[in-house]
Amino acid sequence: MSGRIFVSGAAGKVGRAVVEKLIAKGEPVRGGFRNPAAATAPRELHKVKFDFTDFASVESALDGVSGAFLISPPLDPDAPAKLTPFIKEAKKHNIHVVFISAFGANMNADGALAKVEKLLHDTAVTYTILRPNFFMDNFTEGWIAPSIKQQNSLFIPAGDGKTSFIAAHDIAAAVVSAFNRKLVGKTYDLTGSEALDHTEVAQLISTATGRTISYVDIPESALIEGAKAQGMPDGMIAYLADLYKAVRGGYCAAITHDLEDLINDQPIRFSTFAKAHKADW
């Protein structure tokens, strides 16, 4: 790699991991934050103000970079419109964009991330698309974690559907590989090496923490009501509900070997992840 890499969502699960891995390789990195002054980040990171809806910040963020890590705001149905200026600016400056989509996004042409993927194709920007499955890290931070800490329970409408969870650490390794190997025009489906249902996840967290963690299969309506009570916008709620419909339908259980091909290593298993993160629970 040569030149600076810009990382959008540098405060997020995957963005933080990408920043850490790039810095570890000695790569100059520029990270985008809504409020750089308040952001906690490695001292080697060049923090910049960034907002997809502020084109001046997009121009500034991409000025002089050779690569850009692109991740959509989470659960955002308006992602195609928000990311369009970024992608066009990257095309203008011949920047290699590594985009984080989602496992199965290609199965729904009307979905937000599928539309972003199409935009990358149609714009003819230099791109790599990575489609990771659900993150293991969702259990250590975000909306799931508090119920594990406070109620020793997972309240999720996943039925008995299995998911081939993947760690943000592994996704970040795939991102760095995509930049390093200049994997242009390629798309990869990223999963872990095992598919687990949420009862099995709860058991693994129980083993790691020494507490009994239970999985409670709630109805979709309970998820919707709880999300509304937390102030989540309707579009995001519908997006989240659709994700768990996919889990219940068995669409998230497939296992691929794309990650091994990218990083020349095995994915982290959930049992290993849980032991490493037991302090988070």
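Everything below is about the structure shown above.
A quick note: this is a predicted structure, and the numbers were derived from the prediction, not measured.

Engineer: Break down the overall build of the chain for me, with residues and values.
Structural biologist: Of regular secondary structure, the chain possesses eleven helices and nine strands. Whereas a compact globule of 281 residues would reach a radius of gyration of roughly 19 Å, the chain reaches 18 Å, a difference of no more than 12%. In the chain, which comprises 281 residues, the proportion classed as buried is 51%. Considering only intrachain contacts with a sequence separation of at least 6, the fraction spanning at least 24 residues in the chain is 74%. Carbon together with sulfur atoms contributes 50% to the accessible area of the chain, which is approximately 12800 Å² in total. The distance from the centre of the 29 positive side-chain charges to the centre of the 31 negative ones in the chain is 5 Å.

Engineer: How would you sum up the side chain of S164? Please name residues and give values.
Structural biologist: Tracing the chain through its elements places S164 in the loop between β7 (153–156) and α6 (168–180). Reaching out from S164, the side chain makes a polar contact with the side chain of N133 at a distance of 2.8 Å. Residues in contact with S164, not counting those within four places in the same chain, are N133, T191, G192, E194, A195, C252, A253, A254 and I255.

Engineer: So, α6: which residues are in play, and what are the values?
Structural biologist: Here α6 contains 13 residues, and its C-alpha end-to-end distance of 18 Å stays within 8% of the 18 Å for a straight helix at 1.5 Å per residue. Of all the 13 residues making up α6, eleven are buried; the element is thus mostly covered by neighbouring parts of the structure. Where α6 is concerned, the buried positions are A168, D170, I171, A172, A173, A174, V175, V176, S177, A178 and F179. Directly after α6, the chain includes K182, whose backbone phi takes a positive value near 50°.

Engineer: Give a description of the nonpolar core that names residues and reports values.
Structural biologist: Judged by nonpolar contacts, the single largest core of 56 residues is most densely connected at L62, F86, F139, L154, Y244 and F270. In this structure, F139 is in contact with I144, A145, I148, L154, I156, F165, H198, V201, I205, F270 and W281, ignoring residues within four places of it in sequence. Counting 35 residues, the second-largest nonpolar core is a separate cluster that includes A10, F135, L183 and Y188.

Engineer: I'd love a proper account of helix α9 (residues 234–248), names of residues and values included.
Structural biologist: Between its first and last C-alpha atoms α9 spans 21 Å; for 15 residues at 1.5 Å apiece the expected length is 21 Å, and the two agree. Every buried residue of α9 is listed here: I237, Y239, L240, A241, Y244 and V247. Looking at the buried residues of α9, the elements they touch are α4 (112–123), β7 and α8 (220–229). Remark: G250 follows α9 within two positions and exhibits a positive phi of approximately 85°.

Engineer: Account for the packing of helix α3 (residues 79–92) against α4, naming residues and giving values.
Structural biologist: α4 packs onto α3 with a crossing angle of 25° between their chain directions and a minimal axis gap of 10 Å. Put simply, α3 runs roughly parallel to α4. Here α3 runs over α4; the crossing is right-handed. For the pair α3 and α4, contact is made by A79, P80, L83, T84, I87 and K91 and by A112, K115, V116, L119, L120 and T123, respectively.

Engineer: Can you explain the packing of aromatic side chains? Please cite residues and give values.
Structural biologist: For the structure on display, the rule yields eleven aromatic pairs. Centre to centre, the rings of F50 and F86 are 6.0 Å apart; their planes meet at 85°, and the pair counts as edge-to-face. In this pair, F50 is assigned in the loop between β3 (46–49) and α2 (55–62) and F86 in helix α3, connecting sequence segments 36 residues apart. For the pair shown, F50 and F86 are each scored as buried. Ring geometry for F139 versus F165: centroids 5.4 Å apart, planes at 70°, classification edge-to-face. Of this pair, F139 sits in the loop between β6 (127–132) and α5 (145–151) while F165 is found in the loop between β7 and α6, placing the two residues 26 residues apart along the sequence. Here the aromatic residues F6, F50, F52 and F86 are joined through ring pairs into a cluster of three or more.

Rules used throughout
- Residues numbered from 1 in each chain as written.
- Predicted model: local features only at pLDDT ≥ 70, side-chain atom pairs only at ≥ 80, totals over all residues.
- Heavy atoms only, no water.
- Helix = DSSP H or I, 4+ residues; strand = E, 2+ residues; numbered from the N terminus.
- Rg over C-alpha atoms; globule rule 2.2 N^0.38 Å.
- Buried < 20%, exposed > 50% of the residue type's maximum accessible area, 1.4 Å probe, protein only.
- Contact = heavy atoms within 4.5 Å.
- Areas by Shrake-Rupley, 256 points an atom, 1.4 Å probe, with all protein chains shown as cover.
- Lys, Arg positive; Asp, Glu negative; His and termini not counted.
- Charge placed at Lys NZ, Arg CZ, Asp CG, Glu CD.
- Polar contact = N/O pair within 3.5 Å; in protein donor to acceptor, adjacent residues only side chain to side chain.
- Expected span 1.5 Å × (residues − 1).
- Core = buried A, V, L, I, M, F, W, Y, C linked by side-chain atoms within 4.5 Å.
- Axes fitted to C-alpha atoms, helices over the stretch in contact; angles between N-to-C directions.
- Parallel < 35°, antiparallel > 145°, perpendicular 65-115°, else oblique.
- Left-handed = near helix turned anticlockwise from the far one by under 90°.
- Phe/Tyr/Trp six-rings, centres within 6.5 Å; stacked < 30°, edge-to-face > 60°.

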